[in-house]
Amino acid sequence: MSEETTPLGGIRVIDFTQVMLGPCATQMLGDFGADVIKIERPGSGDLSRNFFGEPSEEAMNNAVFASLNRNKRSVEIDTKSEEGRQQVLDLVRTADVVVDNFRAGVMDRLGFGYDALSQVNPRIICASGTGYGPTGPYSHKGGQDVLAQAMSGVMEKTQDPSIPKSIYPTTLCDYSAGMHLVQGILAALLMRAKTGRGQKVGVSLFDSMIAMQMQEAAQWSKHRDVLNWAAMPLTGVFDATDGAIVIVGAFKANPLRDICTALELDDMSPDYPTLEMQRANKPFLQKRFSDRIATNTSAYWLERLEAQDLLCAPVRSLGEALDDEQTKINGMLCPIDHPLLGEMTLVGSPVHLSDAPMQVHRLPPRLGEHTQEVLEGLAARLRTEAAE
């Protein structure tokens with residue numbers, strides 16, 4: 001992989017991130033050619049290295065860590081020591097971007113905030129992902145995906161009032177904020193190309209979840225109406241004889257009529273012609289759908305629903321989704337052979353560039369695997385600059 005053939009070739013990223021929000025952002029930068037140098041605590045490293053079992057080299061290179069840290073170099077540096085602090089500052093002199101996802105103010109206390117680093121390198125871009133933002137009543141709090149779900153209003157909504165509120169089981173807050181962090185970094189790089197100056201980039205889990213609800217927020221602000229897409233009267237998850245299917249009864253002139261046709265029911269749309277009437281009679285409508293779908297297989301009903309051009313799909317497990325031919329065609333599977341983990345498959349990038357496909361050019365690193373390589377290269381570069 002050369003700098004000329006990748007979108008971010010020649011961009012150096014100093015990566016202080018750990019767990020999910022930050023690492024998924026810096027991994028995407030690495031996927032498209034950036035030189036990502038991951039700064040890790042000596043002996044322990046990224047917190048996700050220690051999710052499973054007793055600390056050992058095998059445990060510290062677990063599948064969760066591997067999923068977020070390909071295309072990076074790992075360097076162990078004690079940032080609290082004078083030597084370590086100087087090593088970081090020297091790396092910043094050679095870098096374009098510094099990324100962290102600590103609590104607000106931690107980088108400043110370490111001596112690596114934007115004001116300090118911009119004195120070392122005026123072109124540096126400092127990107128931070130926090131829980132709630134750099135200032136305000138919650139800025140001191142630790143950010144976490146589940147907390148952001150709760151604080152932002154995402155967790156409060158359910159498909160039906162009778163369903164208990166629960167934690168969304170995938171880290172959508174971390175991933176969303178991580179992708180917003182990538183967007184901010186790329187925008188800052190484009191701005192730097194015009195001005196020659198770096199700047200601060202900030203995202204938060206809280207903001208990302210508020211942004212995700214832009215439609216709901218506008219509806220609430222204008223009408224004080226709770227817009228809940230999962231609670232729409234003609235949308236639901238229904239059990240067939242061999243599994244569940246989902247139906248989204250929307251974006252059609254008369255979706256209720258078409259659902260009734262597909263399910264071999266008498267047309268109920270003349271009795272419930274408006275959305276308001278369908279909402280008021282949702283329990284009755286959903287029971288009619290549920291009772292009917294329970295009489296046959298998911299394949300049978302999906303074929304009939306699709307014949308009416310209705311939005312529908314089977315409810316599948318992750319394993320089934322990974323085995324799907326569409327997943328393979330889309331290039332979403334990246335098989336690797338890791339020296340400790342052996343053969344495994346990572347999820348690829350959802351961003352597809354026709355002239356610069358994502359590549360795995362570095363396996364997820366062992367803790368400190370590249371310390372000597374990076375620091376020796378840094379020393380050589382500084383000597384060259386001093387001689388000039």
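Calculation rules
Residues numbered from 1 in each chain as written. Predicted model: local features only at pLDDT ≥ 70, side-chain atom pairs only at ≥ 80, totals over all residues. Heavy atoms only, no water. Helix = DSSP H or I, 4+ residues; strand = E, 2+ residues; numbered from the N terminus. Buried < 20%, exposed > 50% of the residue type's maximum accessible area, 1.4 Å probe, protein only. Contact = heavy atoms within 4.5 Å. Axes fitted to C-alpha atoms, helices over the stretch in contact; angles between N-to-C directions. Left-handed = near helix turned anticlockwise from the far one by under 90°. Nonpolar A, V, L, I, M, F, W, Y, C, P; charged D, E, K, R; others polar. Pairing = 2+ DSSP bridges. Right-handed = clockwise from strand over helix to strand, strands pointing away. Phe/Tyr/Trp six-rings, centres within 6.5 Å; stacked < 30°, edge-to-face > 60°. Polar contact = N/O pair within 3.5 Å; in protein donor to acceptor, adjacent residues only side chain to side chain.

A.B. asks: Run through the overall build of the protein chain, naming residues and quoting values.
C.D. replies: Within the protein chain one finds 16 helices and eleven strands. Expressed as lengths along the three principal axes of its C-alpha atoms, the size of the protein chain is roughly 85 × 45 × 45 Å. Within the protein chain, the fraction of its 388 residues that count as buried is 43%. Considering only contacts within the protein chain whose residues lie at least 6 apart along the sequence, 70% involve residues at least 24 apart.

A.B. asks: An account of the packing of helix H3 (residues 82-93) against helix H16 (residues 371-387) is needed here, citing residue identities and associated values.
C.D. replies: Where H3 contacts H16, the axes come no closer than 10 Å and their chain directions differ by 65°. Crossing angle aside, the handedness with which H3 passes H16 is left-handed. Note on element contacts: H16 touches H3 through Val374, Leu375, Leu378 and Leu382, opposite Gln87, Asp90 and Leu91. Looking at the contact of H3 with H16 residue by residue, the class counts come to five nonpolar, one polar and one charged.

A.B. asks: So what's going on with the pairing of strand S2 (residues 35-40)? Which residues, and what values?
C.D. replies: Buried residues dominate S2, accounting for five of its six residues. Sheet analysis places strand S1 (residues 12-15) next to S2, joined by four bridges and oriented parallel. Residue pairing in the sheet places isoleucine 14 in a bridge with isoleucine 37 of S2. For the segment spanning S1, helix H1 (residues 21-31) and S2, crossover handedness is right-handed. When S2 meets strand S3 (residues 72-76), the two strands line up parallel, connected through five bridges. In the strand pairing of S3, isoleucine 37 is matched with arginine 73.

A.B. asks: Would you mind going over unusual backbone geometry in detail, with residue names and values included?
C.D. replies: Working note: non-glycine residues mostly have negative phi, and peptide bonds are mostly trans. With a phi angle near 60°, asparagine 71 is a residue other than glycine that sits in the positive phi range. Position of asparagine 71 relative to the elements: it lies in the loop between helix H2 (63-68) and S3. For glutamate 264, which is not glycine, the phi torsion reads 60° and is therefore positive. Mapped onto the fold, glutamate 264 is located in the loop between helix H10 (255-262) and helix H11 (275-280).

A.B. asks: Just give me the short version of the packing of aromatic side chains, but keep the residues and values in it.
C.D. replies: For the structure on display, the rule yields six aromatic pairs. A ring pair is formed by tyrosine 132 and phenylalanine 206, whose centres lie 6.1 Å apart and whose planes are at 45°; its orientation type is tilted. With tyrosine 132 in the loop between strand S5 (125-130) and helix H6 (145-151) and phenylalanine 206 in helix H8 (residues 205-212), the pair connects residues that are 74 residues apart, well separated along the chain. Exposure remark for phenylalanine 206: the relative accessible area of 22% places this residue in the partly exposed category. Centroid distance tyrosine 272 to phenylalanine 284: 6.1 Å. Interplanar angle 50°. Geometry classified as tilted. Linking tyrosine 272 in the loop between H10 and H11 with phenylalanine 284 in helix H12 (residues 282-293), this pair joins segments that are twelve residues apart in sequence. Through a chain of ring-to-ring contacts, three or more aromatic side chains come together here, namely Tyr132, Tyr138 and Phe206.

A.B. asks: Tell me about the environment of leucine 305, and please be specific about residues and values.
C.D. replies: Relative to the helices and strands, leucine 305 is located in helix H13 (residues 298-307). For the pair leucine 305 and threonine 261, spaced 44 residues apart in the sequence, the C-alpha separation amounts to 8.5 Å. Beyond its immediate stretch of four places on either side in the chain, leucine 305 contacts Ile245, Ile247, Ala262, Leu263, Leu310 and Cys312.

A.B. asks: Account for the sheet that holds strand S9 (residues 311-314), naming residues and giving values.
C.D. replies: A sheet is described by the order of its strands in space; here three strands give the open sequence S7-S8-S9, paired in antiparallel fashion. Of all strands in the sheet, those with a lone pairing partner are strand S7 (235-240) and S9, marking the two edges. Neighbour-to-neighbour, the strand axes of the sheet open up by a mean angle of 20°, direction not taken into account. Sheet analysis places S7 next to strand S8 (residues 243-248), joined by six bridges and oriented antiparallel.

A.B. asks: Got a sec to walk through the side chain of threonine 26? Specific residues and values, please.
C.D. replies: Note that threonine 26 resides in helix H1. At a separation of 3.3 Å, a polar atom in the side chain of threonine 26 contacts the main-chain carbonyl oxygen of proline 23. Here threonine 26 is in contact with Val13, Asp15, Thr17, Val36, Lys72 and Val99, once residues within four sequence places are set aside.

A.B. asks: Explain the side chain of serine 349 residue by residue, including any values.
C.D. replies: In this structure, serine 349 sits in the loop between strand S11 (342-347) and H16. A polar contact is formed between the side chain of serine 349 and the backbone nitrogen of valine 351, at a distance of 3.1 Å. When neighbours within four sequence positions are excluded, serine 349 is seen to be in contact with Met28, Asp31, Phe32, Arg70, Met332 and Met358.

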